[in-house]
Amino acid sequence: MTAAVGNLWQRAMAALAGLWPGRGEGGERLPIRDWVSGSSGRPTPVSGFDQSLAWVVTALLALGLVMVYSASVAMHDNPKFANYPPAYFLGRQAMFIAVSFVAALVTLQVPIAVWEKWAPWIFAVSLALLIVVLVPFIGKGVNGARRWVPLGIMSFQPSELAKLAIAMYAASYMVRKMDVKENFIKAVWPMAVALGVVGVLLLAGPDMGAFMVIAAIALGILFLGGVNGRMFLLSVTVLVGAFVLMIVFSEFRRQRIFAYLDPWNPDYAQGKAYQLTHSLIAFGRGEWFGQGLGSSIEKLHYLPEAHTDFLLAVIGEELGFVAVLGVIVAFFWLTRRICVIGRQAIALDRVFAGLMTQGIGIWFGGQSFINMGVNLGLLPTKGLTLPLMSYGGSGI
């Protein structure tokens, strides 16, 4: 009888452990989800993946696919795309999503230990590609920026690989330097040199927007990895000072700042602030519920890059403030969810996986924040796409 009662009690406690977050020493609550057993410390997946995360990503991809088609439907009227069918960009975006889905399934089969082992080499490959893209007759220039490598059926953007590579490398670096993270020379300086090399290569593009995102990823992982607070603040101060100097000593960057501060000035409205003013017009036309899907006027060759950098403006014009708010909430939730998953991994002593995941969360959150800020006129114009939604194979 006593044995039966004890067995029943153990089963009840095991059931509660699967429903209640675990706690560490001293009663400290650990960020472990309901599918992680607090007693065993080992994940017990119900369906093998985070379903809510997958559905939000799928919804963003689907909305992006629809809006890319809507924003690019008039592109064939442009002489540059005269030979392209109306659904050209829709077909290519669908192809990118399909290829990415297959790549995701393949990636899932690779143990995380393999990614940790190869992280420095993947980072080295990304550096090599950033060099290759600057080589004349290899790198492809668009609007004065050399950021793409033609691969026949598509163009590859090395900076997108560099964002993932820096998240992997920084996480691997912090795991290796965990014992000396309080020492500036041993912990921060080597990472600062690596980040500086990436910055020099990207600014030669020029691609300051991508460098800002990569710097945020690297610094975020250093901070989350437990680097000394004073060293972190010093690193941030130096980086911010470097960005300010780049703006001060660069004529075209200064003009962008002035245009951002006064976009309706006639000197800027038809020049550096042209995209911003038409983006704001698009949001203004959309009001609460939009003009209707496919009814945007700004996409008819008024708003440049409507299917890439300024896709959110087309969403605002056609679907209104409600849809824009929905996209913002979705990206906020997605970023938070990714970071929570990273915390769960760290709580289970999977430090590399956790830091890399949180770095990816910083990437998604930072880049989406900059893109939305640019579209809404809250930030100066930068050539950054909206993750998962804007047209482009490298980003997807």
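Attention now goes to the overall build of the protein chain. Each helix and strand counted, the protein chain has 13 helices and 3 strands in total. Across the 396 residues of the protein chain, 41% fall into the buried class. A sequence separation of at least 24 residues applies to 65% of the contacts in the protein chain between residues at least 6 apart.

Take the pattern of salt bridges next. Tallied over the full model, the rule gives 5 salt bridges. Across the pair Glu251 and Arg254 runs a salt bridge whose closest N-O atoms are separated by 2.3 Å. Remark: Arg254 and Glu251 occur in helix α9 (residues 251-261); sequence separation between them is 3 residues, near one turn of the helix. Assessed through its relative accessible area of 45%, Glu251 is described here as partly exposed. Glu318 is the partner of Lys299 in a salt bridge, and the nearest nitrogen-oxygen pair spans 2.9 Å.

Below, the discussion takes up the side chain of Thr335. Examined against the element boundaries, Thr335 turns out to sit in helix α12 (residues 311-347). The contact partners of Thr335, leaving out residues within four places of it in the chain, are Gly361, Phe364 and Gly365.

All right, on to the side chain of Ser159 then. With respect to the secondary-structure elements, Ser159 resides in helix α5 (residues 158-176). Under the relative-accessibility criterion, Ser159 is labelled buried at 4%. When sequence neighbours within four positions are dropped, the list of residues in contact with Ser159 reads Leu130, Leu202, Asp207, Ala210 and Ile214.

For helix α11 (residues 274-286), with 13 residues, the first-to-last C-alpha span of 19 Å sits near the 18 Å given by 1.5 Å per residue. Every buried residue of α11 is listed here: Leu276, Thr277, His278, Ser279, Ala282, Phe283 and Gly286. Once α11 ends, the next one or two residues include Glu287, with phi positive near 50°.

Right, let's get into the nonpolar core. In globular proteins that are soluble, nonpolar side chains generally tend to be buried together. Core analysis: the biggest nonpolar cluster contains 80 residues, and Leu60, Phe123, Met191, Phe331, Leu334 and Met389 have the highest contact counts within it. Excluding its chain neighbours within four sequence positions, the residues that come into contact with Leu334 are Leu53, Val57, Leu60, Phe364 and Leu388.

So, about a nonpolar patch on the surface. A surface patch of nonpolar side chains, about 660 Å² in accessible area, is lined by Trp288, Phe289, Phe321, Val322, Leu325 and Val329. Within the secondary structure, Phe289 is located in the loop between α11 and α12. For Phe289, a relative accessible area of 65% gives the class exposed.

Quick look at the confidence of the model for the protein chain now. Mean pLDDT for the protein chain: 82, with 85% of residues reaching 70 or above. Taken together, the stretch residues 1-46 has pLDDT below 50 and engages in 35 contacts with residues farther than four places along the chain or on a different chain.

A separate point is the environment of Lys299. Topologically, Lys299 is positioned in the loop between α11 and α12. Residue Lys299 is classed as buried on the basis of its relative accessible area, which comes to 6%. With 11 residues separating them in the primary sequence, Lys299 and Phe310 have C-alpha atoms 9.6 Å apart. Among all residues touching Lys299, those that are not within four sequence positions of it are Ser70, Ala71, Val73, Gly294, Ala306, Val314 and Glu318. Among the polar contacts made by the side chain of Lys299, one reaches the side chain of Glu318 at a distance of 2.9 Å.

Quick look at the packing of aromatic side chains now. Taken as a whole, this structure holds 9 aromatic pairs when the rule is applied. Judged by centre distance (5.1 Å) and plane angle (80°), the ring pair of Phe89 and Tyr391 falls under edge-to-face. Here the residue Phe89 occupies a position in helix α3 (residues 88-108), and Tyr391 occupies one in the segment after α13 (351-375), the gap between them amounting to 302 residues. Taking the relative accessible area as the measure of exposure, Phe89 reaches 6% and is therefore buried.

Turning to the packing of helix α4 (residues 112-132) against α5, a few remarks are in order. Running from N to C, α4 and α5 point in directions that differ by 140°, and their axes come no closer than 8 Å. In this view, α4 runs oblique relative to α5, as classed from their interaxial angle. Two packed elements cross with a definite hand, and for α4 against α5 that hand is left-handed. Across the interface between the two elements, Trp115, Glu116, Ala119, Pro120, Ile122, Phe123, Ser126, Leu129 and Leu130 from α4 touch Pro158, Ser159, Leu161, Ala162, Ala165, Ile166, Met168, Tyr169, Ser172, Val175 and Arg176 from α5.

Moving on to the packing of α4 against α13. At a minimum axis distance of 10 Å, the contact between α4 and α13 shows a crossing angle of 75°. Between α4 and α13, the angle is such that the two are roughly perpendicular. Along the contact surface, α4 presents Ile112, Trp115, Glu116 and Ala119, while α13 presents Phe352, Ala353 and Met356. In terms of residue class, the contact of α4 with α13 is made up of 6 nonpolar, no polar and 1 charged.

A few words now on unusual backbone geometry. Although it is not a glycine, Glu287 sits at a positive phi angle of roughly 50°. Within the secondary structure, Glu287 is located in the loop between α11 and α12. Owing to a relative accessible area of 57%, Glu287 belongs among the exposed residues under this scheme. Positive phi outside glycine occurs at His301, with the angle close to 70°. Turning to its location among the elements, His301 is positioned in the loop between α11 and α12. Given a relative accessible area of 41%, His301 falls into the partly exposed group.

Conventions we followed
- Residues numbered from 1 in each chain as written.
- Predicted model: local features only at pLDDT ≥ 70, side-chain atom pairs only at ≥ 80, totals over all residues.
- Heavy atoms only, no water.
- Helix = DSSP H or I, 4+ residues; strand = E, 2+ residues; numbered from the N terminus.
- Buried < 20%, exposed > 50% of the residue type's maximum accessible area, 1.4 Å probe, protein only.
- Contact = heavy atoms within 4.5 Å.
- Salt bridge = Lys/Arg side-chain N within 4 Å of Asp/Glu carboxyl O.
- Expected span 1.5 Å × (residues − 1).
- Core = buried A, V, L, I, M, F, W, Y, C linked by side-chain atoms within 4.5 Å.
- Patch = residues over 30% accessible without salt bridge, like charges linked within 9 Å, V, L, I, M, F, W, Y side chains within 5 Å.
- Areas by Shrake-Rupley, 256 points an atom, 1.4 Å probe, with all protein chains shown as cover.
- pLDDT = per-residue confidence, 0-100.
- Polar contact = N/O pair within 3.5 Å; in protein donor to acceptor, adjacent residues only side chain to side chain.
- Phe/Tyr/Trp six-rings, centres within 6.5 Å; stacked < 30°, edge-to-face > 60°.
- Axes fitted to C-alpha atoms, helices over the stretch in contact; angles between N-to-C directions.
- Parallel < 35°, antiparallel > 145°, perpendicular 65-115°, else oblique.
- Left-handed = near helix turned anticlockwise from the far one by under 90°.
- Nonpolar A, V, L, I, M, F, W, Y, C, P; charged D, E, K, R; others polar.

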